[in-house]
Amino acid sequence: MKLMCAGPTAVRQKSMEAMGKFLTNPDLDPAYTRFHRKVEEKYSQLLHTQCRSIIMLGEAIMGLEAAVVNLMEKNDRVLVLSNGFFGAGFMDYVESYGGQGTLYEIGYDHSFNLKELEAFIDANGPFRLATMVHCETPTGISNDIAAICALLKSKGMMTIVDGVSSVMGEQIDFDAAGCDILIGGTQKAISAPTGLTLLTLSQRAEDKIHQREEITGYYLNLKNYLAYPGDFDFPYTMNENLVYALDAALDEIATTDFAAIHEQFASAVRQAVQESGLELYPKEAYSNTLTAVLLPEALKAPDFMERLKAEGYLISGSMGELKDTVIRIGHMGNNNHYEDFVELFTAMDKVFQDMGHKLNGPLAENFKKAFQK
């Protein structure tokens, strides 16, 4: 089965090999601590920043919650930006930890209009904190974090950005983006095993965390990570194997213009889809890590994906009211091999034919032409 979905992606071979190594005890060996810090620094460098990154043991959803726990105090007013399912999901964390969330929600098929957003803030603010998603995975929208965070910062807000589906697949300069916490995960474009959260903190975020007298909990409390060097290097036992796998993945990424590769595959996929007579779900702001496609009315996404799975390819559906109408193709990380996409689209051509839908032209041939331009 080939994974051509919107993550998790197929793990890189070098990461798999690195993950099998047992070299030391991360609780006791200072050499492991030095290695671990170098991996964090390597990740920051790939985001073009000297700001600190933290590796947390746990899937990336944990990072979303941790970011809110550390930057939001009880009764803080928080602006939750949503043009997708995960954007709206931040409300759960805000309300669970005693914040006062205000949801600013727009249609899921387009990005934020800055003038309209500013007018909303002026009418409903002030807010201490704002949350947003860079790439909305269920719908294939990529928001302009630099422009949006600049506006939010000008209104006195700290900012949390969910970059789980965008990190390494989109051009991200952390300093230029201006956010305070950027959350990444290992299982998407990085194509390392699921299980680590990556948090990059601005100096302003570090200062805020240090200044707080009390932060709820222990595991998500970033004071326990920022305390190094202290009595303990880490607040709990790290998984050395997952960090070895991450390190190997980052080394591979550093040898290429990784974001440009994603952009090339994304553009070819979108062009192939449209020239074959299919419709993209987003109207603008297309993601470079996945493409969301509206199926013809007569077809149902679960049926289409099941038939495609029988051909040996796993792609993604969507969520909520889009679960029957939208399919998603992941062009992220280790998915991005030309031959695999030709084979995927050949299989999709067959499934469309078997389900009685005539395309304007073969997806596979249209992809080949678009990719070679």
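Data block above holds the structure.
Residues numbered from 1 in each chain as written. Predicted model: local features only at pLDDT ≥ 70, side-chain atom pairs only at ≥ 80, totals over all residues. Heavy atoms only, no water.

(A) Molecular detail of the packing of aromatic side chains. Scanning the model with the defined rule gives 19 aromatic pairs in all. By the ring-pair criterion, three or more aromatic residues cluster together here, those being Phe265, Tyr338, Phe341, Phe345, Phe367 and Phe371. (Phe/Tyr/Trp six-rings, centres within 6.5 Å; stacked < 30°, edge-to-face > 60°.)

(B) Looking closely at the pairing of strand E5 (residues 129-133). In terms of burial, E5 is a largely internal element, 5 of the 5 residues being buried. Of the two faces of E5, the one lined by Leu129, Thr131 and Val133 and the one lined by Ala130 and Met132 are each fully buried. One ladder, built from 3 bridges, connects strand E3 (residues 77-82) with E5; its direction is parallel. Paired with Val78 across the strands is Leu129, a residue of E5. (Buried < 20%, exposed > 50% of the residue type's maximum accessible area, 1.4 Å probe, protein only. Helix = DSSP H or I, 4+ residues; strand = E, 2+ residues; numbered from the N terminus. Pairing = 2+ DSSP bridges.)

(C) Molecular detail of unusual backbone geometry. A cis amide bond links Gly7 with the next residue in sequence, Pro8, at an omega value of -5 degrees. Relative to the elements of secondary structure, Pro8 occurs in the loop between strand E1 (2-3) and helix H1 (13-19). Residue Pro126 is reached from Gly125 by a cis peptide bond, and omega for that bond is 5 degrees. Inspection of the secondary structure puts Pro126 in the loop between helix H5 (114-124) and E5. Although it is not a glycine, Met168 adopts a positive phi angle of roughly 80 degrees. As for its position among the elements, Met168 is in the loop between strand E8 (158-162) and helix H7 (174-177). For Ala285, which is not glycine, the phi torsion reads 50 degrees and is therefore positive.

(D) Region of interest: the sheet that holds strand E15 (residues 326-330). Ordered in space as E11-E12-E15-E14, the 4 strands form an open sheet in which the pairing is antiparallel. Every other strand in the sheet has two partners, leaving strand E11 (279-280) and strand E14 (316-317) as the edge strands with one partner each. Helix-sheet contacts for helix H11 (residues 258-275) involve E11, strand E12 (290-294) and E15, and the interaxial angle to E12 is about 10 degrees. Of the strands in this sheet, E14 and E15 are in contact with helix H12 (residues 301-310), which crosses E15 at around 40 degrees. (Contact = heavy atoms within 4.5 Å. Axes fitted to C-alpha atoms, helices over the stretch in contact; angles between N-to-C directions.)

(E) Structural detail: the environment of Met91. Locating Met91 in the fold gives a position in helix H4 (residues 85-96). Taking the C-alpha atoms as reference points, Met91 and Val78, separated by 13 residues in sequence, lie 8.9 Å from one another. Met91 has contacts with Val80, Gly101, Thr102 and Leu103, leaving out every residue within four places of it along the chain.

(F) Geometry of the sheet that holds E5. One open sheet accounts for 7 strands, arranged E2-E10-E9-E8-E5-E3-E4; its pairing is mixed. Each of the sheet's edge strands pairs with one partner strand only, and the pair in question is strand E2 (52-57) and strand E4 (100-105). Averaged over all pairs of adjacent strands, the angle between strand axes in this sheet comes to 20 degrees, irrespective of strand direction. Sitting on the sheet, helix H2 (residues 30-46) is in contact with E2, strand E9 (181-185) and strand E10 (196-201), with an inclination near 120 degrees to E2. Sitting on the sheet, helix H10 (residues 240-254) touches E2 and E10, and the angle it makes with E10 is about 65 degrees.

(G) Quick look at the pattern of salt bridges. Here the structure, examined in full by the defined rule, presents 16 salt bridges. The residue Asp324 makes a salt bridge to Lys323 at a minimum N-O spacing of 3.6 Å. Its relative accessible area of 27% is what places Asp324 among the partly exposed residues. By relative accessible area, Lys323 is classed as partly exposed at 45%. Overlapping salt bridges bring together Lys2, Asp340 and Glu343 as one network. (Salt bridge = Lys/Arg side-chain N within 4 Å of Asp/Glu carboxyl O.)

(H) Representation of the environment of Lys74 within the structure. Along the polypeptide, Lys74 turns up in the loop between helix H3 (61-71) and E3. Given a relative accessible area of 65%, Lys74 falls into the exposed group. In the structure, Lys74 is positioned 23 residues away from Tyr97 in sequence and 6.8 Å away in space, judged by C-alpha atoms. Apart from the residues within four sequence positions on either side, Lys74 is in contact with Tyr97 and Gly98.

(I) The packing of H3 against H4, seen in detail. Between H3 and H4, the least distance of the axes is 9 Å, while the angle of their chain directions is 50 degrees. Viewed along their axes, H3 and H4 adopt a mutual orientation that is oblique. Seen along the crossing, H3 lies across H4 with a hand that is right-handed. Packed against H3, whose contacting residues are Ile61, Leu64, Glu65 and Val68, the element H4 presents Phe90, Tyr93 and Val94 at the interface. Classifying every residue of the contact of H3 with H4 by side-chain character gives 6 nonpolar, no polar and 1 charged. (Parallel < 35°, antiparallel > 145°, perpendicular 65-115°, else oblique. Left-handed = near helix turned anticlockwise from the far one by under 90°. Nonpolar A, V, L, I, M, F, W, Y, C, P; charged D, E, K, R; others polar.)

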